[in-house]
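Working through the structure, step by step
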Number of protein chains: 2
Amino acid sequence: MKFTFSNKISSLQPSAIREILKATSNPEIIPLAAGNPAPDAFPVDEVKAITKEILDTNPIEALQYGVSEGYQPLRDTIADWLKQRENIGADFDSVLITSGATQVIDLVTKVLCNEGDTVVCEEPSFIGSLNCFRSYGCKLKGIPVEDDGMDVNALEDVLKTTENIKFIYTIPNFQNPSGTTMSLEKRQKLYAVAKKYGVVILEDNPYGELRVSGKRVPSIKSMDTDGIVVYAGSFSKILSPGLRVAYCCAHKDLVAKMTVGKQASDVHTPCLNQMIVYNWFKKYDVDAHITKIQNIYRKKLTLMCDCIDEYLGDFVEYVKPEGGLFIWCKLPDDVGMLDFVQKALEKKVAVVPGKAFLMDDTQSTQYIRLNFSTPTDDGIVKGIKALGEVAESYR
Amino acid sequence: MKFTFSNKISSLQPSAIREILKATSNPEIIPLAAGNPAPDAFPVDEVKAITKEILDTNPIEALQYGVSEGYQPLRDTIADWLKQRENIGADFDSVLITSGATQVIDLVTKVLCNEGDTVVCEEPSFIGSLNCFRSYGCKLKGIPVEDDGMDVNALEDVLKTTENIKFIYTIPNFQNPSGTTMSLEKRQKLYAVAKKYGVVILEDNPYGELRVSGKRVPSIKSMDTDGIVVYAGSFSKILSPGLRVAYCCAHKDLVAKMTVGKQASDVHTPCLNQMIVYNWFKKYDVDAHITKIQNIYRKKLTLMCDCIDEYLGDFVEYVKPEGGLFIWCKLPDDVGMLDFVQKALEKKVAVVPGKAFLMDDTQSTQYIRLNFSTPTDDGIVKGIKALGEVAESYR
């Protein structure tokens with residue numbers, strides 16, 4: 001049978017990044033394309049001890065159906081943690097546990113957008129989120145990212161002139177892929193502009209705890225006196241992505257509708273996984289673990305930057321990010337970006353072509369995205385050295 | 001801020017069943033409204049041993065990102081099991097691991113339906129699936145369920161006269177809520193009719209292994225020489241619902257699109273949970289465990305039917321199902337169904353009003369749904385006895 005797919009899904013093509021990532025399943029390929037946490041960043045012994053205890057003392061709750069809103073002790077723990085760490089959480093807010101932060105993106109889009117509505121994004125932005133918006137038939141409107149975050153003046157122009165904008169999607173800390181962090185001033189201005197035009201802000205903060213230099217900037221949600229910000233957080237980068245436990249903090253009216261949507265999507269996030277996260281907070285020093293991870297990534301980021309400076313030199317332009325997982329590198333104007341990526345792959349190094357992060361990927365860009373968390377230190381050195389050899393071929 | 005929700009979600013109201021289920025979180029209430037597996041049906045010791053071994057020997061794979069298609073050894077295991085147990089799986093088929101079978105329903109709807117398209121369902125049918133279809137802005141068209149399953153003649157009339165029907169949703173075994181099983185003859189006719197009109201069949205089989213009497217009927221997917229059937233299966237009822245691991249077997253073109261949709265929904269189903277299911281198949285006798293569960297449910301079903309006969313007598317009409325989790329009971333015509341449900345709740349017994357399972361829940365029905373898997377044996381006796389007292393008040 002020849003299937004006729006829905007309009008929203010027909011337009012969603014397997015992305016360049018997925019094709020590249022397929023290549024990285026080959027263990028001979030050095031993976032600078034992925035976004036996986038470093039294996040030594042996982043608290044394996046803690047998860048083992050916690051899981052044993054849960055299954056020894058409370059197996060039925062771990063294996064039985066749970067409620068769509070999430071495991072209540074975990075919801076309470078997250079609410080407390082957000083309050084203490086980010087000063088997030090007003091009386092009108094509520095926490096919803098989700099299956100990865102991608103599900104926050106999915107549910108916000110589902111409850112706010114009709115087909116044809118517009119989502120405003122930073123350009124470039126995370127392809128997973130862009131594809132989620134596309135999968136609901138949304139139009140994407142990109143706002144350029146400057147060194148201190150989204151161009152908020154350009155944003156206001158768009159809000160002024162575009163109909164049916166339902167929300168603004170931003171990754172304010174160590175943005176994927178650009179690595180930039182939005183300044184406090186821009187966060188305040190973004191909030192004011194969104195409020196003025198009555199548009200929701202979806203603040204996606206998967207990398208916030210992965211700061212390795214510079215000073216923490218208050219989250220946009222911490223300024224949210226009007227209930228217009230949905231804050232998406234995740235345990236994927238600080239505990240484990242494979243457990244698929246994330247959350248959002250948002251106005252309770254929005255969370256109520258998202259819960260109805262979640263009920264119809266996957267009913268609830270696995271109980272065992274939620275209980276593992278809850279017990280991790282209860283029994284271990286999460287802040288100390290985050291410091292440990294920051295040390296791992298500081299070392300890896302510095303190593304990759306040193307290698308880029310040594311082997312690629314002035315062939316690429318980049319700004320060293322203050323955290324996150326990615327370095328966004330600009331190739332010379334006379335180098336074909338996709339040609340460079342292809343040649344890198346021939347040398348067994350996978351990087352992501354920057355096109356993947358554009359609203360309209362038929363546009364061109366000179367950027368590639370490099371990841372420093374997935375490869376071993378040896379892989380970082382060998383990988384960047386190989387990119388240096390590719391660069392040589394253009395000189 | 002006053003939110004404006006999407007059209008598809010605005011129309012989705014918190015359902016009667018959810019309100020009733022909230023009451024069941026009160027431990028004083030006897031839960032005949034839920035659909036939870038009996039706690040003694042969980043293979044707790046096996047899950048403990050498996051989980052320990054996974055985290056001892058392969059923790060990084062369990063905690064790291066996985067691929068959207070699912071854990072390959074589990075996909076292979078399910079494909080083999082479906083072939084051996086159900087004669088399911090053609091060369092053009094592929095298996096996708098999902099986060100509960102609800103996600104199969106979600107992804108099929110996402111990839112096949114535009115807003116305003118029609119999904120044909122048995123009437124009554126599972127409210128979770130109906131709400132999923134509604135959450136994509138689909139219209140629902142109900143086909144009456146007879147004692148041997150969907151009225152296939154009525155189905156053909158609808159296919160003949162209704163535009164933009166994208167798929168037919170059926171629960172052929174121990175249908176939720178009616179408990180009926182579709183006859184082989186009707187399955188063959190349903191397949192022929194769907195083929196004739198070029199419409200996909202979504203065969204949802206969460207309860208198939210919970211047969212406690214009668215003879216197994218071949219699945220519709222086992223007849224699928226044309227690749228038009230999506231088969232949804234789940235480990236929720238035979239292993240654990242809290243782990244949220246389910247799957248579909250469908251034509252690979254459809255699975256490819258569903259995988260793109262899953263990538264944008266929750267990226268992948270948790271690795272640890274998939275590895276638990278895989279190792280359960282590898283190390284334990286799954287068929288023996290299913291036999292054990294069948295024995296548990298046979299006893300509970302028989303107990304509930306005996307109690308109904310003793311305490312409710314000819315006040316209700318029902319057909320004893322050959323398996324599943326539910327008994328569908330018709331109240332006398334002169335009894336207000338919602339009034340009866342309310343009076344039962346006052347006696348601390350929760351049952352589900354049949355309205356919840358209608359396409360249009362402003363219609364009326366005399367049915368209530370009773371579940372025999374969740375309550376203890378004592379709860380079954382006390383619960384039905386209390387319903388008998390409510391019935392007395394109408395005599």
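One structure accompanies this document, and this report is about it.

The next thing to look at is the overall build of chain A. Assigned secondary structure in chain A consists of 14 helices and 13 strands. For 395 residues, the compact-globule formula gives about 21 Å, and the C-alpha radius of gyration of chain A, at 21 Å, lands near that figure. In terms of overall dimensions, chain A has a C-alpha envelope of 60 × 55 × 55 Å along the principal axes. For chain A, with 395 residues in total, the buried portion stands at 64%. Once local pairs closer than 6 in sequence are excluded, the contacts in chain A between residues at least 24 apart make up 77%. Counting every atom, chain A has about 14,100 Å² of accessible surface; 49% of that belongs to carbon and sulfur. Looking at charge distribution, chain A has the averaged site of its 45 positive side-chain charges lying 3 Å from that of its 52 negative ones.

This part is about the relation of the copies chain B and chain A. Put simply, the second copy of the chain is the first one after a rotation about an axis and a shift along it. Note on the copies: chain B fits chain A at an RMSD of 0.0 Å, the axial shift is 0.0 Å, and the rotation between them is 180 degrees. Seen this way, the second copy is the image of the first under a two-fold rotation axis. In terms of C-alpha distance to the rotation axis, chain B has B:K52 as its closest residue, with the C-alpha 3.5 Å off the axis.

Before going further, it helps to examine the interface of chain B and chain A. Contacts between chain B and chain A engage 75 residues on the former and 75 residues on the latter. Together, the buried faces of chain B and chain A total about 6,500 Å²; carbon and sulfur atoms form 62% of this surface. Inspection of the region where chain B meets chain A yields four salt bridges. Taking the shortest distance from any N to any O, the salt bridge between B:K48 and A:D56 comes out at 3.2 Å. On inspection of chain B and its partner chain A, the count reaches 34 residue pairs in polar contact (both at pLDDT 80 or more). For the side of chain B that touches chain A, the secondary-structure elements that each account for two or more residues are helix 1 (7-10), helix 3 (44-57), helix 4 (59-63), helix 6 (101-112), helix 7 (127-135), helix 10 (252-263) and helix 11 (271-283) of chain B. Across the side of chain B that touches chain A, the residue classes tally to 34 nonpolar, 27 polar and 14 charged.

Next up on the list: the packing of aromatic side chains. Scanning the model with the defined rule gives 28 aromatic pairs over all chains in all. A centroid spacing of 5.2 Å and a plane angle of 75 degrees characterise the contact between A:W81 and A:F281, whose relative ring orientation is edge-to-face. Remark: A:F281 occurs in helix 11 (residues 271-283) and A:W81 occurs in helix 5 (residues 72-86); sequence separation between them is 200 residues. This pair shows no difference in class: A:W81 is buried, exactly as A:F281 is. With centroids separated by 5.3 Å and ring planes inclined at 75 degrees, the aromatic side chains of B:F133 and B:Y169 adopt a geometry described as edge-to-face.

Grouped together as the largest cluster of nonpolar side chains are 216 residues, with contacts concentrated most on A:L370 and B:L370. Ignoring any residue separated from it by four or fewer positions in sequence, one finds A:L370 in contact with A:L32, A:M304, A:I308, A:L325, A:F326, A:I327, A:C329, A:V351, A:I384 and A:L387.

What follows covers the packing of helix 3 (residues 44-57) of chain A against helix 3 of chain B. Following both chains from N to C, one finds helix 3 of chain A and helix 3 of chain B inclined at 175 degrees, their axes separated by 10 Å at the closest point. One finds that helix 3 of chain A runs roughly antiparallel with respect to helix 3 of chain B. Counting all contacts with helix 3 of chain A, which are made through A:V44, A:V47, A:K48, A:T51, A:L55 and A:D56, the residues of helix 3 of chain B involved are B:V44, B:V47, B:K48, B:T51, B:L55 and B:D56. Its residues placed into classes, the contact of helix 3 of chain A with helix 3 of chain B shows six nonpolar, two polar and four charged.

All names here are of chain B. When the terminal C-alpha atoms of helix 9 (residues 184-197) are compared, their 20 Å separation across 14 residues agrees well with the 20 Å that a helix rising 1.5 Å per residue should span. Listed as buried for helix 9 are K186, R187, L190, Y191, V193 and A194. For helix 9, the buried positions fall inside an angular range of 170 degrees around the axis, keeping them on one side. Opposite the packed face of helix 9, turned more than 90 degrees from it, sit the exposed residues E185 and K196. Of the surrounding elements, those touching the buried residues of helix 9 are strand 4 (139-146), strand 5 (149-150), helix 8 (152-161), strand 6 (165-170), strand 7 (200-204) and strand 8 (229-234). Immediately downstream of helix 9, the backbone of G198 shows phi near 65 degrees, a positive value.

This part covers the environment of A:V277. Residue and element names in this part refer to chain A. Its place among the elements puts V277 in helix 11. The spacing of V277 and T365 is 88 residues in sequence and 40 Å in space, taken between C-alpha atoms. Other than its neighbours up to four places away in sequence, V277 contacts L74, F235, L239 and V245.

Per the counting criterion, the structure on display carries 54 salt bridges over all chains. One salt bridge connects B:E115 with B:K8, and the closest N-O pair in it is separated by 3.9 Å. Placement of B:E115 in the loop between helix 6 and strand 3 (118-123) and of B:K8 in helix 1 is noted, with a sequence separation of 107 residues between them. Exposure remark for B:K8: the relative accessible area of 5% places this residue in the buried category. When salt bridges that share partners are traced, they join A:R85, A:E86, A:E209, A:R216 and A:D287 into one network.

All right, on to the pairing of strand 2 (residues 93-98) of chain A then. All names here are of chain A. Of all six residues in strand 2, six are buried, a share of seventy percent or more. Across the two faces of strand 2 the burial is the same, with D93, V95 and I97 and S94, L96 and T98 all buried. Bridge count for strand 2 against strand 9 (residues 246-251) is six bridges, and the pairing is antiparallel. Note that in strand 9 the partner of I97 across the bridge is Y247.

As a further point, take the side chain of B:T109. Residues and elements named next belong to chain B. In this structure, T109 sits in helix 6. For T109, a relative accessible area of 0% gives the class buried. When sequence neighbours within four positions are dropped, the list of residues in contact with T109 reads C132, F133, Y136, C138 and F167.

A few words now on the sheet that holds strand 12 (residues 352-353) of chain A. Hydrogen bonding along the main chain pairs the strands of a sheet, whether they run parallel or antiparallel. All names here are of chain A. Spatially, 10-13-12 is the arrangement adopted by the three strands of the open sheet, whose pairing is antiparallel. Looking at the sheet topology across the chains shown, the edges are occupied by strand 10 (326-330) and strand 12. Strand direction decides the pairing type here: strand 10 and strand 13 (residues 367-371), joined by five bridges, are antiparallel. Bridged to C329 within strand 13 is I368. Most of the contacts of helix 12 (residues 286-312) go to strand 10, to which it runs at about 15 degrees, and overall it touches strand 10 and strand 13. The strands touched by helix 13 (residues 337-346) are strand 12 and strand 13; relative to strand 13, the strand with the most contacts, the crossing angle is about 35 degrees.

Right, let's talk about the pairing of strand 7 (residues 200-204) of chain A for a bit. Residue and element names in this part refer to chain A. Where burial is concerned, most of strand 7 is hidden: five out of the five residues are buried. Burial of the side chains of strand 7 extends over both faces: V200, L202 and D204 are buried on one face and I201 and E203 on the other. Across four bridges, the pairing between strand 6 (residues 165-170) and strand 7 is parallel. By the bridge assignment, T170 is partnered in strand 7 with E203. You can see the chain leave strand 6, run along helix 9 (residues 184-197) and come back into strand 7, and the turn it takes is right-handed. Direction of pairing for strand 7 relative to strand 8 (residues 229-234): parallel, over a ladder of four bridges. When the bridges of strand 8 are listed, L202 appears paired with V230.

Time to look at the environment of B:I384. Residues and elements named next belong to chain B. Considering the arrangement of structural elements, one finds I384 in helix 14 (residues 377-392). Looking at I384, the relative accessible area reads 0%, which means it is buried. Sequence separation between I384 and V351 is 33 residues; the distance between their C-alpha atoms is 10 Å. Dropping the residues within four chain positions of it, I384 is found in contact with L32, M304, C307, I308, Y311, L312 and L370.

Here is what the cut-offs are and how they apply
- Residues numbered from 1 in each chain as written.
- Chains lettered and ligands numbered in written order.
- Predicted model: local features only at pLDDT ≥ 70, side-chain atom pairs only at ≥ 80, totals over all residues.
- Heavy atoms only, no water.
- Helix = DSSP H or I, 4+ residues; strand = E, 2+ residues; numbered from the N terminus.
- Rg over C-alpha atoms; globule rule 2.2 N^0.38 Å.
- Buried < 20%, exposed > 50% of the residue type's maximum accessible area, 1.4 Å probe, protein only.
- Contact = heavy atoms within 4.5 Å.
- Areas by Shrake-Rupley, 256 points an atom, 1.4 Å probe, with all protein chains shown as cover.
- Lys, Arg positive; Asp, Glu negative; His and termini not counted.
- Charge placed at Lys NZ, Arg CZ, Asp CG, Glu CD.
- Least-squares fit on C-alpha atoms with pLDDT ≥ 70 in both.
- Buried area = accessible area lost by both parts, 1.4 Å probe.
- Salt bridge = Lys/Arg side-chain N within 4 Å of Asp/Glu carboxyl O.
- Polar contact = N/O pair within 3.5 Å; in protein donor to acceptor, adjacent residues only side chain to side chain.
- Nonpolar A, V, L, I, M, F, W, Y, C, P; charged D, E, K, R; others polar.
- Phe/Tyr/Trp six-rings, centres within 6.5 Å; stacked < 30°, edge-to-face > 60°.
- Core = buried A, V, L, I, M, F, W, Y, C linked by side-chain atoms within 4.5 Å.
- Axes fitted to C-alpha atoms, helices over the stretch in contact; angles between N-to-C directions.
- Parallel < 35°, antiparallel > 145°, perpendicular 65-115°, else oblique.
- Expected span 1.5 Å × (residues − 1).
- Arc of directions from axis to C-beta.
- Pairing = 2+ DSSP bridges.
- Right-handed = clockwise from strand over helix to strand, strands pointing away.

Read these as spatial facts, not as claims about activity.
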